[in-house]
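Analysis of the macromolecular model
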Amino acid sequence: MKISRGMYIQLAIFLFALILSPALRGQELPRKTPVWGVKSNVLYDAAASINLGVELKIAKKMTLDLPVSYNPFTFSQNKKWKHILVQPELKWWLCEPFSGHFFGIHAHYAYYNVGAIGSNWMKQYRFEGWLAGAGLSYGYQFYLGPRWSLETSIGIGYAHLKYNQYRCENCGDHIAKENKNYFGATKAAVSLIYIIK
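Residues numbered from 1 in each chain as written. Predicted model: local features only at pLDDT ≥ 70, side-chain atom pairs only at ≥ 80, totals over all residues. Heavy atoms only, no water.

1. Considerations on unusual backbone geometry
Of note, the phi angle at Ala48 is positive, near 60°, even though the residue is not glycine. Structurally, Ala48 is set in the loop between helix 2 (42-46) and strand 2 (50-59). In this model, Ala116 sits at a positive phi of 65°, which is unusual for a non-glycine residue. Structurally, Ala116 is set in the loop between strand 6 (100-115) and helix 3 (120-123). (Helix = DSSP H or I, 4+ residues; strand = E, 2+ residues; numbered from the N terminus.)

2. Looking at the pairing of strand 4 (residues 80-86)
Summarising the sheet, strand 3 (residues 62-71) and strand 4 pair through 4 bridges and their orientation is antiparallel. Bridged to Val68 within strand 4 is Val86. Looking at chain direction, strand 4 and strand 6 are connected through 7 bridges and run antiparallel. Paired with Val86 across the two strands is Tyr109, which belongs to strand 6. (Pairing = 2+ DSSP bridges.)

3. What about the packing of aromatic side chains?
Using the criterion set out here, one finds 10 aromatic pairs in the structure. A ring pair is formed by Phe73 and Phe75, whose centres lie 6.3 Å apart and whose planes are at 45°; its orientation type is tilted. The exposure class of Phe73 is partly exposed, given its relative accessible area of 35%. Ring centres of Trp93 and Phe102 lie 4.8 Å apart, and the angle between their planes is 50°; this geometry places the pair in the tilted category. Aromatic rings pair up to connect Trp93, Phe98 and Phe102 into one cluster. The ring of Phe102 carries the charged tip of Lys91 above its face, separated from the ring centre by 4.5 Å. (Phe/Tyr/Trp six-rings, centres within 6.5 Å; stacked < 30°, edge-to-face > 60°. Buried < 20%, exposed > 50% of the residue type's maximum accessible area, 1.4 Å probe, protein only. Lys NZ or Arg CZ within 6 Å of the ring centre and 35° of its normal.)

4. Focus on the pattern of salt bridges
When their charged atoms lie close together, side chains carrying opposite charge are able to pair. Scanning all chains against the criterion turns up 8 salt bridges. Of the charged contacts in the structure, one is a salt bridge between Lys39 and Asp65, with a shortest N-O distance of 3.2 Å. Placement of Lys39 in strand 1 (residues 36-41) and of Asp65 in strand 3 is noted, with a sequence separation of 26 residues between them. For the pair Lys39 and Asp65, a shared accessibility class is recorded, and that class is buried. Salt-bridge contacts for Glu89 lead to Lys187; the nearest nitrogen and oxygen are separated by 2.3 Å. Highlighted residues: Glu89 in strand 5 (residues 89-93) and Lys187 in strand 9 (residues 174-195), separated in sequence by 98 residues. The structure contains a network of salt bridges with shared partners spanning Lys39, Glu55, Asp65, Lys91 and Glu151. (Salt bridge = Lys/Arg side-chain N within 4 Å of Asp/Glu carboxyl O.)

5. Some points on the side chain of Arg126
Residue placement: Arg126 occurs in strand 7 (residues 125-143). Overall, Arg126 belongs to the buried group, its relative accessible area being 11%. Beyond its immediate sequence surroundings of up to four residues, Arg126 is in contact with Lys80, Asn113, Val114, Gly115, Asn164, Gln165, Tyr166, Arg167 and Cys168. (Contact = heavy atoms within 4.5 Å.)

Here is the structure:
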């Protein structure tokens, strides 16, 4: 599998944030542990995917993250990364919710219509279908202020994809109906979080 330039950028941002974590780790939160907040993944924003999530504290060291991502756009030369994605995640925090290191388990479901992007092979075709799966993740949340935090996370896991393959031009010929199993990166996030309560 060829790694795209965007994936290298996402990995660099994640590693940079991870390197900074020891410097920020000692900061104490000058308030009670947050109960819930809203968030946006800036990596998805950079890819023109509208996204919003809500994260809720559900136990002393656990939160439930409920993000949704949507991309309805077709770009020049019929390039598209259209999708709707939901990826709920249950997080276990080493110290307290919304602060420091966490481990997570996530599920994902997406409906997609992707074409004319990525590797040379992907640029020749359009793929329309759905995927579902699950994975494990690790992340760190940085305290930015009384109501703001920045979270980085990365995950690996499995996805089952079912799709129709078409030639890349508009309304191209149907070529195949396929099922694929994927193991690898299933999550990358740099999220800006606003604490509501």
